[in-house]
Structures are given as C-alpha cells and as structure tokens.
Amino acid sequence: MNDRAPSLRLLVAAAGIAFAALSSPAHAFADDDARKAILELRQQIQQMRQIGENSRMQLADQIQSLQQQVTELRNQIEQAMHQSVPRAPANGTQSDTGGATAGDPQEQSTYDGAIDLFRKGQYKEAADGLTAFLALYPNSQLSPTAQFYLGSSKYATKDYKGAIDQLQNMVKSAPDNPRAPDALLVIAGSQIEMNNRAGAKATLQRIVKDYPGTPAADTAKNRLQLLQ
C-alpha cells in the first residue's frame, strides 16, 4: 500500500503539470497561431477561387470575341464569293465576269450551268459541275474563275482542306486574275475554320502585300488587327 502511494502521487503530479501546460499562455499563443493560419488559408482559397472565376470569365469573353470575329470573316468571305458571281443578262444568256468567254458554245453552256447552281446556293451540285467542267476543258479561258468558284463551293460545304488546295492552285496558276485576292481571303477563312491562325495570318499578310488597294486587302487589314 505504501509502495503504490508514491506512484499515485507521481501520476497526479504529472496530470497537474500537463493541465498547467495546456492552460499556459504559450499554449494559448500556439492556438491563436493555428487559428490565424486557418483564416489565412481560407482567405487564400477564396482568392484562388475568385481568380479562377475571373479567368473563366475572361476566357469566355475571349471565346465569344473570337466567335464574333469568325462570324464577321465568314460574312465577308461570303460577300467576296458572291459579289462577282455572273448574272444572267437581259438576253437570257449568262456571261462571265472579267471579260473571259469560251469560244465553244458547249463549253460556255457547261460553265454557265455550274455557275447557275452556285448562284442558287446548290454548292455541292455546283462543285460537281465545276469539277466536270475543269476535267473537260482544262485549258479554257474560264478555268481560273471555275477554280475560284469550285474552291468557294468547297468552303461553303465546309470542305476547308479541299477549298485551300483548290484555291492555292488557282492563285498559283493565275496570280493576276481579278479573283486571286478573294481566293486568298477564302483560304484564310478556311485556315481559321481549321484553327490554323498562324497560316491565316500569313495568308492575310500576303493579300495586303500582293494585292494592295483591293477590297480583299481592306478586309485582310481589319482581320489582321484582330489576330494580333
């Protein structure tokens, strides 16, 4: 009994020391530090959330702005595609813009039929007709314009790669054709649709450099400012 008494007294003393330690100013100070750290962490989390929300809003604004730019470019490309489409004159026959005509009536008729489909918005059928025309009359004086409208038809049917390939061939073979700058504009639009902004920028710069003073060059300048 006497042997157990010192052990009990030691336990009680140890408990008292522990209680005193927990109740000491040092412990209170450590507890305050912990609360302060928690509050700071909460503030940091809140700030990060706010930053994330602001970033999402900025990204949404950027996406909306880009969509508007693409829509504007689409509208301008469609104007370029259609503003020079041959119209049927009063005598009921159709003529090509730019003064080029075919010597063979059948050749002219084949071309006019395809262009009529393009004018009506039947782009797939127009592409088929223009492809057939180019196969039948590869050396025709109407080939450059046929290539332009074939590439434009492919753009209208969202065959952007096909449009780029066709119109690049057109510009390469007939760089002085009145529709060459418009062809490059459609190429730039196709590149943007394919998310090739660097390629579109280079194409727009080429329009400004090689075809100054044209409506396509004016459009290219405006688009370049938005692509910076």
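Note that the structure is predicted; figures quoted are calculated from it, not measured.

**Topic: the overall build of the protein chain**
Working step 1: Helix and strand counts for the protein chain come out as 9 helices and 0 strands.
Working step 2: Along the protein chain, helices (α) and strands (β) appear in the sequence α-α-α-α-α-α-α-α-α when read from the amino end.
Working step 3: With 228 residues in all, the protein chain has 35% of them scored as buried.
Working step 4: Restricting the contact set of the protein chain to residue pairs at least 6 apart, pairs at least 24 apart contribute 55%.
Working step 5: Carbon and sulfur atoms make up 55% of the accessible area of the protein chain, which amounts to about 14,000 Å² in all.

**What about helix H7 (residues 180–193)?**
Working step 1: For H7, spanning 14 residues, the distance from its first C-alpha to its last is 20 Å, which sits close to the expected 20 Å at 1.5 Å a residue.
Working step 2: Of all 14 residues in H7, 13 are buried; the element is thus mostly enclosed.
Working step 3: Phi turns positive, to about 65 degrees, at Asn 195, one or two residues after H7.

**Re the confidence of the model for the protein chain**
Working step 1: With 70% of its residues at a pLDDT of 70 or more, the protein chain has an overall mean of 80.
Working step 2: Confidence scores differ between elements of the protein chain, with helix H1 (residues 4–22) showing the lowest mean pLDDT of 53 and helix H6 (residues 160–173) the highest of 97.
Working step 3: In this model, residues 87–97 is a region of pLDDT below 50 whose contacts with residues beyond four sequence positions or in other chains number 21 contacts.

**Concerning the UniProt feature "repeat: TPR" (unreviewed entry) in the protein chain**
Working step 1: UniProt records the feature "repeat: TPR" (unreviewed entry) for residues 144–177 in the present numbering.
Working step 2: The distance from the first to the last C-alpha atom of residues 144–177 is 7 Å, and the span holds 79% helix and 0% strand.

**Describing the packing of helix H3 (residues 105–119) against helix H4 (residues 123–136)**
Working step 1: Contact pair H3 / H4: the axes reach a minimum separation of 7 Å and the direction vectors enclose 160 degrees. Regarding the angle of H3 to H4, the classification is roughly antiparallel. In the crossing of H3 with H4, the sense of the turn from one axis to the other is left-handed. Contact residues: H3 offers Glu 107, Thr 110, Tyr 111, Ala 114, Ile 115, Leu 117 and Phe 118, while H4 offers Tyr 123, Glu 125, Ala 126, Gly 129, Leu 130 and Phe 133.
Working step 2: Its residues assigned to classes, the contact of H3 with H4 comprises 9 nonpolar, 2 polar and 2 charged.

**Some words on the nonpolar core**
Working step 1: Tyr 111, Leu 130, Phe 133, Tyr 149, Leu 204 and Ile 207 are the most contacted members of the largest nonpolar core, which has 39 residues in total.
Working step 2: For this core, the secondary-structure elements that each account for two or more residues are H3, H4, helix H5 (143–156), H6, H7, helix H8 (197–210) and helix H9 (215–227).
Working step 3: A total of 7 residues in this core trace back to one element, the largest contributor, which is H7.
Working step 4: Not counting residues within four places of it along the chain, the set of residues in contact with Phe 133 comprises Glu 107, Thr 110, Tyr 111, Ser 140, Leu 142, Ser 143 and Ala 146.

**Considerations on the packing of aromatic side chains**
Working step 1: Tallied over the full model, the rule gives 6 aromatic pairs.
Working step 2: Judged by centre distance (5.3 Å) and plane angle (75 degrees), the rings of Phe 118 and Tyr 123 are edge-to-face.
Working step 3: Centroid distance Phe 133 to Tyr 137: 5.3 Å. Interplanar angle 45 degrees. Geometry classified as tilted. The same class applies to Phe 133 and to Tyr 137, which are both buried.
Working step 4: Among the aromatic residues, those joined into a cluster by ring pairs are Phe 118, Tyr 123, Phe 148 and Tyr 149.

Rules of the game
- Residues numbered from 1 in each chain as written.
- Predicted model: local features only at pLDDT ≥ 70, side-chain atom pairs only at ≥ 80, totals over all residues.
- Heavy atoms only, no water.
- Helix = DSSP H or I, 4+ residues; strand = E, 2+ residues; numbered from the N terminus.
- Buried < 20%, exposed > 50% of the residue type's maximum accessible area, 1.4 Å probe, protein only.
- Contact = heavy atoms within 4.5 Å.
- Areas by Shrake-Rupley, 256 points an atom, 1.4 Å probe, with all protein chains shown as cover.
- Expected span 1.5 Å × (residues − 1).
- pLDDT = per-residue confidence, 0-100.
- UniProt positions renumbered as here; feature names shortened; annotations may be inferred.
- Axes fitted to C-alpha atoms, helices over the stretch in contact; angles between N-to-C directions.
- Parallel < 35°, antiparallel > 145°, perpendicular 65-115°, else oblique.
- Left-handed = near helix turned anticlockwise from the far one by under 90°.
- Nonpolar A, V, L, I, M, F, W, Y, C, P; charged D, E, K, R; others polar.
- Core = buried A, V, L, I, M, F, W, Y, C linked by side-chain atoms within 4.5 Å.
- Phe/Tyr/Trp six-rings, centres within 6.5 Å; stacked < 30°, edge-to-face > 60°.

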